[in-house]
Amino acid sequence: MKAFFFVLTLSCLVCLVPVRAAAVDSAYNDIGIIDEDDINENNTVINRPGSAENADDLKELNVSNDLTLTYRDGQGNLTGTLRILITLTLIALAPTIVIMMTSFSRILIVLHFVRTALGTQTAPPNQVLVGLSLFLTFFIMNPVITEINENAIKPFEAGEIQQEEFIETALKPLREFMYGQTMKKDVRMFLDIEGIESVDNVDDIPTRVLVPSFMISELRTAFIIGFLIYIPFIVIDMVVASTLMSMGMMMLPPTTISMPFKILLFVLADGWNLVIVNLVKTFM
């Protein structure tokens, strides 16, 4: 009985396939486009490709499973789907951009040196240091972000500039910021590695050269600041170690005694204010 119903169902499907194929074939012309006379209410293609007569009609194309370029006022802009994809990609790359092209690295490294010099192990914790570094980065980069928003994002959203011009305009403030914090010898080193003999101005320096040069300069500057922060705390360690040795307490770790004195010195000197304020001023 089951075999009978299976054969009957299979026969019905075989009979329906040619009918469906004929209906589909009749709906398309020789070049594979739906014939205008055969478009009905159930068709998902409201405006078929090739029917647009101007830019406004092109924006109304409704072709499923397709990726097109929408032209507005003679400017080629990517469709919403592709723009969302690019936006999500930028969000995924945002941590790398923040670390490599802003003041975040220098701030975080200097704060880490402060904690290590104090000898407080995990106080303040990493989450606090990263959060403080992030907000200080937003504070320092605020003029750059404002310039990008005013000169690149808003004109692009208004359709006043094309995408290539948008990218160039958005990169310009970042490039100027990075170049201002980059040592010339680092730029020269990467230009030599790249094989570029000479450049006339900052616009001639490729971004692939400027970014690593900026990072090397940031690391060098952060370590120099960290060394200067270490000096007063090293003096306290040496004084405490010498005192303990002269008293015959060689088995007592000097850091156990010196750490409270270092914290006291840091608090009395208003250390966080001195470190953060002068750190921010290094970018001004």
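Residues numbered from 1 in each chain as written. Predicted model: local features only at pLDDT ≥ 70, side-chain atom pairs only at ≥ 80, totals over all residues. Heavy atoms only, no water.

*Asks:* Let's hear about helix H9 (residues 207-246): which residues, and what values?
*Replies:* It helps to recall that an α-helix has 3.6 residues per turn; residues three or four apart then point in one direction. For H9, spanning 40 residues, the distance from its first C-alpha to its last is 58 Å, which sits close to the expected 58 Å at 1.5 Å a residue. At Ile 231, H9 shows its maximal kink, close to 35°; a proline, Pro 232, follows between one and four residues later. Positive phi appears at Gly 248, one or two residues downstream of H9, with a value of about 80°. (Helix = DSSP H or I, 4+ residues; strand = E, 2+ residues; numbered from the N terminus. Expected span 1.5 Å × (residues − 1). Bend = angle between axes of the 7 residues up to and from the residue.)

*Asks:* Describe unusual backbone geometry, listing the residues and the values that go with them.
*Replies:* Cis geometry is found at the peptide bond from Ala 123 to Pro 124, where omega equals 0°. Mapped onto the elements of the fold, Pro 124 is located in the loop between helix H4 (104-118) and helix H5 (126-140). Its identity is not glycine, yet Gln 121 carries a phi of approximately 60°, on the positive side. On the secondary structure map, Gln 121 appears in the loop between H4 and H5. Positioned with a positive phi, Asp 270 is a non-glycine residue whose angle comes to about 55°. Here Asp 270 is to be found in the loop between helix H10 (254-268) and helix H11 (271-281). Given the relative accessible area of 43%, Asp 270 is considered partly exposed. (Buried < 20%, exposed > 50% of the residue type's maximum accessible area, 1.4 Å probe, protein only.)

*Asks:* Describe the packing of H4 against H10, listing the residues and the values that go with them.
*Replies:* Where H4 contacts H10, the axes come no closer than 9 Å and their chain directions differ by 135°. Between H4 and H10, the angle is such that the two are oblique. Packed against H4, whose contacting residues are Val 114, Ala 117 and Leu 118, the element H10 presents Met 259, Lys 262, Ile 263 and Phe 266 at the interface. A class-by-class count of the residues in the contact of H4 with H10 yields six nonpolar, no polar and one charged. (Axes fitted to C-alpha atoms, helices over the stretch in contact; angles between N-to-C directions. Parallel < 35°, antiparallel > 145°, perpendicular 65-115°, else oblique. Contact = heavy atoms within 4.5 Å. Nonpolar A, V, L, I, M, F, W, Y, C, P; charged D, E, K, R; others polar.)

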